[in-house]
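Chain residues, written in single-letter form:
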Amino acid sequence: MRSFMSPGKRIRSFRLKRGMTQRALGRAVGFPAKTADIRIAQYESGARTPKHDLLCAFAQTLEVPVSALEVPYIKSRDELEQLLQALEDEYGLTVTITEPRD
């Protein structure tokens with residue numbers, strides 16, 4: 001099964017799309033200049049996981065919704081089906097659910 005992209009990888013992806021250095025992003029979210037790039041590297045590599053308030057600061061700085069940086073957590077098949085139905089209703093998507101082959 002394919003795993004979701006981690007928050008750190010998502011942060012890195014959006015940072016690069018914005019043309020920002022690790023130091024620039026770190027300073028923008030309030031880290032001291034001396035350690036800003038090191039801290040961002042730790043989050044991007046997965047050595048550290050940002051708490052929600054920091055994830056919100058990253059999202060604001062990178063101009064993306066915080067949900068774009070979070071890993072979705074779907075607890076059950078029913079919850080997944082409800083989410084897919086909502087996406088169909090909201091965006092007109094057509095979703096087909098197939099059973100995996102053994």
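All figures in this text were calculated on a predicted structure; none of them were measured in a lab.

**Describing helix 1 (residues 7-17)**
Every α-helix carries 3.6 residues per turn, so stepping three or four residues along brings you back to the same face.
Link 1 in the chain: Within the span of helix 1, buried status applies to Gly8, Arg10, Ile11, Phe14 and Arg15. Considered in projection along helix 1, the buried side chains sweep an arc of 160° and stay on one side of the axis. Turned more than 90 degrees off the buried face of helix 1, the exposed positions are Lys9 and Lys17.
Link 2 in the chain: Against the buried residues of helix 1 lie helix 2 (22-28), helix 3 (36-45) and helix 4 (52-62).
Link 3 in the chain: Where helix 1 terminates, the next one or two residues include Gly19, which has phi positive at roughly 70°.

**Some points on the packing of aromatic side chains**
Link 1 in the chain: Under the counting rule described, the total for this entry stands at two aromatic pairs.
Link 2 in the chain: For the pair Phe31 and Tyr43, a centre-to-centre distance of 6.3 Å together with 10° between the ring planes defines the contact as stacked. A residue pair is termed long-range when its members are at least 10 positions apart, and Phe31 in the loop between helix 2 and helix 3 and Tyr43 in helix 3 qualify at twelve residues.
Link 3 in the chain: Between Tyr43 and Phe58, the ring centres sit 5.9 Å apart and the planes meet at 70°, which makes this aromatic pair edge-to-face. Of this pair, Tyr43 sits in helix 3 while Phe58 sits in helix 4, and the two are 15 residues apart along the sequence. The pair Tyr43 / Phe58 is uniform in exposure class, with both members buried.
Link 4 in the chain: These aromatic residues form a ring-pair network of at least three members: Phe31, Tyr43 and Phe58.
Link 5 in the chain: Seen from the ring of Phe31, Arg39 lies directly overhead, with NZ or CZ sitting 4.0 Å from the centre.

**Some points on the confidence of the model for the chain**
Link 1 in the chain: Mean pLDDT over the chain: 88, with 94% of residues reaching 70 or higher.
Link 2 in the chain: The weakest mean pLDDT in the chain belongs to helix 5 (residues 77-91) at 82; the strongest belongs to helix 2 at 98.

**A few points about the pattern of salt bridges**
Link 1 in the chain: What the rule picks out here adds up to three salt bridges.
Link 2 in the chain: The partner of Arg23 in a salt bridge is Asp37, and the shortest N-O contact between them spans 3.1 Å. In this pair, Arg23 sits in helix 2 while Asp37 sits in helix 3, placing the two residues 14 residues apart along the sequence.
Link 3 in the chain: What makes Arg23 partly exposed here is its relative accessible area of 39%.

**Quick look at unusual backbone geometry**
Link 1 in the chain: With a phi close to 60°, Glu63 is a non-glycine residue in the positive phi region.
Link 2 in the chain: Turning to its location among the elements, Glu63 is positioned in the loop between helix 4 and helix 5.

**Points about the nonpolar core**
Link 1 in the chain: Among the nonpolar cores identified, the biggest contains 17 residues, and Ile11, Leu25, Phe31, Phe58, Leu62, Val64 and Leu69 are the most heavily contacted of them.
Link 2 in the chain: Mapped by element, the contributors of at least two residues to this core are helix 1, helix 3 and helix 4.
Link 3 in the chain: Broken down by element, this core gets its largest block of residues, five residues, from helix 4.
Link 4 in the chain: Setting aside residues up to four positions removed in sequence, Ile11 forms contacts with Leu25, Glu44, Pro50, Leu55, Phe58, Leu62 and Leu69.

Parameters and conventions
Residues numbered from 1 in each chain as written. Predicted model: local features only at pLDDT ≥ 70, side-chain atom pairs only at ≥ 80, totals over all residues. Heavy atoms only, no water. Buried < 20%, exposed > 50% of the residue type's maximum accessible area, 1.4 Å probe, protein only. Helix = DSSP H or I, 4+ residues; strand = E, 2+ residues; numbered from the N terminus. Arc of directions from axis to C-beta. Contact = heavy atoms within 4.5 Å. Phe/Tyr/Trp six-rings, centres within 6.5 Å; stacked < 30°, edge-to-face > 60°. Lys NZ or Arg CZ within 6 Å of the ring centre and 35° of its normal. pLDDT = per-residue confidence, 0-100. Salt bridge = Lys/Arg side-chain N within 4 Å of Asp/Glu carboxyl O. Core = buried A, V, L, I, M, F, W, Y, C linked by side-chain atoms within 4.5 Å.

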